[in-house]
Amino acid sequence: MIIDGKQIAQQLRKKIKKNIQDLPIDDKPGLTVILIGQHPASQIYVKNKEKFAKEVGINSNVIKFNDEISELDLKNQIEILNRDSSVHGILVQLPLPAHINQKNIIETIDPVKDVDGFHPINVGNLSSGNDAMIPCTPLGCYYLIKNVVENLSGMSAVVIGRSNINGKPMTQLLLRENCTVTIVHSKTKNIKAICKEADLIVAAAGKAKMVKKDWVKETAIIIDVGINKIISEDNYKIVGDVDFDNLKDNVNGITPVPGGVGPMTIACLLENTLKSFKKIKKLT
Ligand code: GUN
């Protein structure tokens, strides 16, 4: 079974739109994205974020800076947004230029407005099992998994990759669902054998077509977070971390790339913006 992220994301956006239409106050949620430099993938992500924010009724705004912006100027901009009552979600698109310290920037964002869920307060709350802003990509993966299996309790899950954006929060979400979670990474020995035992694999390694057909059992569910650009002579193709074509008929469920996790990430960003709006307006 192919897990249709595009369709599941559309349903989620529909729900968010209805929720915004039904708000008991006139105000609308506001999302501001800060985009620095000309990173090509970031430009595309930000454009899509704007498009879908508009679709669901979120006021979205993009503030662009060139690569030369100083860390201090960026922090000052974030502080202005922290105080702006029309802004409920702040997202600083990553990666940042090398001269800017990512940690300092993330820690400047008001945790309530941190729709990426990257602030240490949100990271800590998620790992402590408290209410938290959950990073959009793992949250999207979680919804895709729940679309296939209602009860994850006792499942053996393998998360490939240990990043703060994907692998670590994904692990926390699966633990919260009573999965037995193994994280594998670039220093892990015999990843293939570990994957072969898994009921569920979330691949977020950033390595094209890494997960092969003989790595997985037939009953497994595979979620592919990878976005890898394969360049040939005069063209390019986006592929995931999973060898989709060779695997798709041999597993219980698998997400395609594109059309799997990607659309869910954006839908979850919109959901997080609505969540922060409700929290700020004391509507929950
Ligand atoms: N760049 C790639 N993925 C992400 C993400 O989830 N959030 C932000 N802020 N930047 C990104």
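These numbers were taken from a predicted model, which means no experiment stands behind them. Note that residues are indexed from 1 along each chain, following the sequence as it is written. Local features in a predicted model are, by the rule used here, given only for residues with pLDDT of at least 70; side-chain atom pairs are given and counted only at 80 or more, and totals for whole chains, interfaces and linings are based on all residues. Computation of side-chain values covers all heavy atoms of the structure but excludes hydrogens and water.

Trainee: Run through the site of the ligand, naming residues and quoting values.
Mentor: Only a single heavy atom is needed: when it lies within 4 Å of a molecule or strand, its residue is near that molecule or strand. By nearness alone, every residue bordering the ligand is listed as Leu91, Val92, Gln93, Leu94, Asp116 and Phe118. For the purposes of these results, a polar contact is taken to be a pair of N or O atoms within 3.5 Å, where, inside protein, one atom must be able to donate a hydrogen and its partner to accept one; residues adjacent in sequence count only when each atom of the pair is a side-chain atom. Residue valine 92 places a main-chain N or O atom 2.8 Å away from a nitrogen atom belonging to the ligand. A distance of 2.9 Å separates a nitrogen atom of the ligand from a polar backbone atom of leucine 94. When the ligand is considered free in solution it has 280 Å² of accessible area, and contact with the protein chains removes 82% of it. Here the shell around the ligand is composed, by residue class, of four nonpolar, one polar and one charged. In this description, accessible areas are obtained by the Shrake-Rupley approach with a 1.4 Å probe, and a residue is regarded as covered only by the protein chains that are shown. Charged residues are taken to be Asp, Glu, Lys and Arg, nonpolar residues to be Ala, Val, Leu, Ile, Met, Phe, Trp, Tyr, Cys and Pro, and polar residues to be all remaining types, Gly included.

Trainee: Describe the sheet that holds strand 2 (residues 59-65), naming the residues involved and giving the relevant values.
Mentor: By definition, two strands form a pair when at least two bridges between them are found by DSSP. Helix numbering and strand numbering both begin at the N terminus, where a helix is a DSSP run of H or I of at least 4 residues and a strand a DSSP run of E of at least 2. Pairing in this open sheet of three strands is parallel, and the strands run 2-1-3 from one edge to the other. The sheet is open, and its two borders are formed by strand 2 and strand 3 (89-92), each paired with just one other strand. The sheet shows a mean angle of 15° between the axes of neighbouring strands, taken without regard to direction. Pairing geometry for strand 1 (residues 30-36) and strand 3, over four bridges, is parallel. The residue of strand 3 that forms the bridge with leucine 31 is glycine 89. Should any heavy atoms of two residues lie within 4.5 Å, those residues are considered in contact. With axes taken as lines fitted to C-alpha atoms, and helix axes fitted only over the stretch in contact, angles between N-to-C directions fall between 0 and 180 degrees. Where helix 3 (residues 71-83) meets the sheet, it contacts strand 1, strand 2 and strand 3, and its direction lies at approximately 175° from that of strand 1.

Trainee: Run through the side chain of serine 276, naming residues and quoting values.
Mentor: In this fold, serine 276 is placed in helix 10 (residues 261-280). Overall, serine 276 belongs to the buried group, its relative accessible area being 0%. Separated by 3.0 Å, the side chain of serine 276 and the backbone oxygen of threonine 273 make a polar contact. Sequence-distant contacts of serine 276, defined by excluding residues within four places in its chain, comprise His88, Gly89, Val112, Val115 and Met133. Any residue under 20% of the maximum accessible area for its type is buried, any over 50% is exposed, and the rest in between are partly exposed; the area is computed with a 1.4 Å probe on protein chains only.

Trainee: Give a detailed account of unusual backbone geometry, specifying residues and quantitative values.
Mentor: For the peptide bond that leads from leucine 94 to proline 95, omega is 0°, which places it in the cis range. Looking at where proline 95 falls in the secondary structure, it is placed in the loop between strand 3 and helix 4 (102-108). Here the amide bond leading from valine 257 into proline 258 is cis, since omega sits at -5°, within 30 degrees of zero. With respect to the helices, strands and loops of the structure, proline 258 is situated in the loop between strand 10 (253-254) and helix 10. Positioned with a positive phi, asparagine 178 is a non-glycine residue whose angle comes to about 70°. Position of asparagine 178 relative to the elements: it lies in the loop between helix 7 (167-176) and strand 5 (180-184).

Trainee: So what's going on with the nonpolar core? Residues and values would help.
Mentor: Of all hydrophobic cores here, the largest spans 51 residues; its most connected members are Ile145, Met170, Leu174, Leu200, Val202 and Ile223. Looking at this core element by element, the count peaks at nine residues for helix 10. Those residues in contact with leucine 200 that lie beyond four places of it in its chain are Ile145, Met155, Ser156, Ala157, Val158, Leu174, Ile221 and Ile223. What we call a nonpolar core is a set of buried Ala, Val, Leu, Ile, Met, Phe, Trp, Tyr and Cys residues that are connected through their side-chain atoms within 4.5 Å. Within the second largest apolar cluster, 19 residues are counted, among which are Val158, Ile191, Ala198 and Met210.

Trainee: How would you explain the pattern of salt bridges if you had to name every residue and give the values?
Mentor: Salt bridges are counted wherever a side-chain nitrogen of Lys or Arg sits within 4 Å of a carboxyl oxygen of Asp or Glu. Scanning all chains against the criterion turns up 10 salt bridges. For lysine 75, the salt bridge identified is with glutamate 71, shortest N-O distance 4.0 Å. Within this pair, lysine 75 and its partner glutamate 71 are both found in helix 3, separated by four residues, close to a single helical turn. With relative accessibility at 25%, the residue lysine 75 sits in the partly exposed group. As a salt-bridge pair, lysine 279 and aspartate 131 come within 3.5 Å of each other at their nearest N and O atoms. Remark: aspartate 131 occurs in the loop between helix 5 (120-128) and helix 6 (136-148) and lysine 279 occurs in helix 10; sequence separation between them is 148 residues. Within this structure, Asp131, Lys275 and Lys279 form a network of salt bridges that share partners.

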